[in-house]
Amino acid sequence: MTTSSTLPGLAGDGVSLDFAKLEKRFRVPAGKPLRLADHDPGWAGNGDIPEKERKEEARGLLATHVEALSQMQELLWASDTWSVLVIFQAMDAAGKDGAIKHVMSGVNPQGVEVTSFKQPSAEELDHTFLWRCMKRVPSRGQIGIFNRSYYEDVLVVRVHQHLLEAQRVPDVKPGRKLWESRYDDIVAFERHLARNGTAIVKFFLNVSREEQKRRFLSRIDEPSKHWKFSPSDVAERQHWDDYMNAYEEAISATSTDHAPWYVVPADKKWVSRAVVSAVLTETIRGLGLTWPKISAEQRQQIEEARRHLEAE
Ligand code: ATP
Ligand code: MG
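Within every chain, residues take consecutive numbers counted from 1 along the sequence as written. The lettering of chains begins at A and the numbering of ligands begins at 1, in the order of writing. For a predicted model such as this one, the threshold for reporting local features is a pLDDT of at least 70, and the threshold for listing and counting side-chain atom pairs is 80 or more; totals across whole chains, interfaces and linings nevertheless cover every residue. As a rule here, side-chain values come from all non-hydrogen atoms in the structure, and water together with hydrogens is ignored.

Here we take up the pattern of salt bridges. We define a salt bridge as a contact between a side-chain nitrogen of Lys or Arg and a carboxyl oxygen of Asp or Glu at a distance within 4 Å. Going through the model one piece at a time under the given rule, you end up with 17 salt bridges. The partner of glutamate 152 in a salt bridge is arginine 148, with the nearest N and O atoms 3.0 Å apart. Burial status follows relative accessibility: with a 1.4 Å probe on protein chains alone, a residue under 20% of its type maximum counts as buried, one over 50% as exposed, and anything between as partly exposed. By relative accessible area, which is 10% here, glutamate 152 ends up buried. Put simply, arginine 215 and glutamate 211 hold a salt bridge, and the shortest N to O gap is 2.8 Å. On the criterion of helical spacing, the pair formed by arginine 215 and glutamate 211 is a turn pair, its members being four residues apart in helix α9 (residues 209-221). Residues arginine 215 and glutamate 211 agree in their burial class; the two are buried. Look at the salt bridges and you will find they share partners, linking Arg158, Arg176, Glu180 and Glu249 into a network. Under the scheme used here, helices are H or I runs from DSSP no shorter than 4 residues and strands are E runs no shorter than 2 residues, and both carry numbers assigned from the N terminus.

This part takes up the packing of helix α8 (residues 176-195) against helix α11 (residues 240-254). Across the interface, α8 lies against α11 with an axial gap of 9 Å and an inter-helix angle of 40 degrees. Compared by their axis directions, α8 and α11 come out oblique. For the element pair α8 and α11, the recorded crossing hand is right-handed. In contact with Arg176, Tyr183, Ile186, Val187 and Glu190 of α8, α11 contributes Glu249, Ala250, Ala253 and Thr254. Only Asp, Glu, Lys and Arg are considered charged in this grouping, and only Ala, Val, Leu, Ile, Met, Phe, Trp, Tyr, Cys and Pro are considered nonpolar; every other residue, Gly among them, is considered polar. Looking at side-chain class alone, the contact of α8 with α11 contains five nonpolar, one polar and three charged residues. Axis definition: a line fitted to C-alpha atoms, over the contacting stretch in the case of helices. Angles run 0 to 180 degrees between N-to-C directions. We call two directions roughly parallel when the angle between them is under 35 degrees, roughly antiparallel when it is over 145, roughly perpendicular when it lies between 65 and 115, and oblique otherwise. Take the far helix as the reference: if the near one is turned anticlockwise from it by less than a right angle, the crossing is left-handed, and if turned clockwise, right-handed. Throughout, a residue-residue contact means that at least one pair of heavy atoms, one from each residue, lies within 4.5 Å.

This is how it looks when you write it as structure tokens:
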């Protein structure tokens, strides 16, 4: 019988380039206020080692984790007990789409669902801010990815408080109490999911304002990237500090043992993809999944089936 211990080891163990133990390095400990000033978006491993070598190592890590995730997803499906919810939040052009594409590239598409949450529709606005996301949480055996999420309701809605009007919640007033009550609701919702078999991991792809500008300019300079460019993204940049404050508070209030946040350095895509893949692999490994046990009777039936087939 195969067990989870046959899955490949977490790459990063014992390597020389400072990429080891990525899971702990970027985790926001529960109950500890996050200070984004302490997190360098440009972190890229040990600067004493040539970038070429670090990049190669990060690509190797990603490849190993992509392979591990493929096997883990099969195990997740076979054991049919846990589901995994992965949440991505970030400023524009931080690389959410690329991280999802690369990290999940080895996983059977039947086992994954990606949902992107945009401005809410009229029907969504007629429900609570958690409703549209509740409908998309993964079922047992599946990995669900949220590209943006209910966190938008304490981020963009906090930065642009007029958006609250369209939500038409009775007697609601923007202010500390409102955001704290939403954090409470989110923590309770995630606790409910976790208690019922959904492992949750949340990534904030931490891109710097300078790197975002560089990426926007490269979208403008490159006609094949024009489809990715939206002039409103440039306007949104003007609210950078408000967004960073909203992220700091939201992450501080909602990073819990059952649904931790990871602040991922995102100025270099090869770093963010390696980190996301390592953390996700480690999260699923931590579930201690095992292949369903085959009973003596089932084994006998399998042997019988073999005899039938061979006798044909
Ligand atoms: P990309 O730009 O790479 O296609 P994206 O996630 O930025 O991906 P967009 O369609 O550009 O997708 O943007 C979605 C927008 O919807 C974001 O500006 C986000 O803040 C906004 N949004 C998401 N949820 C809400 C919400 N609950 N209330 C208001 N705005 C929201
Ligand atoms: Mg966008």
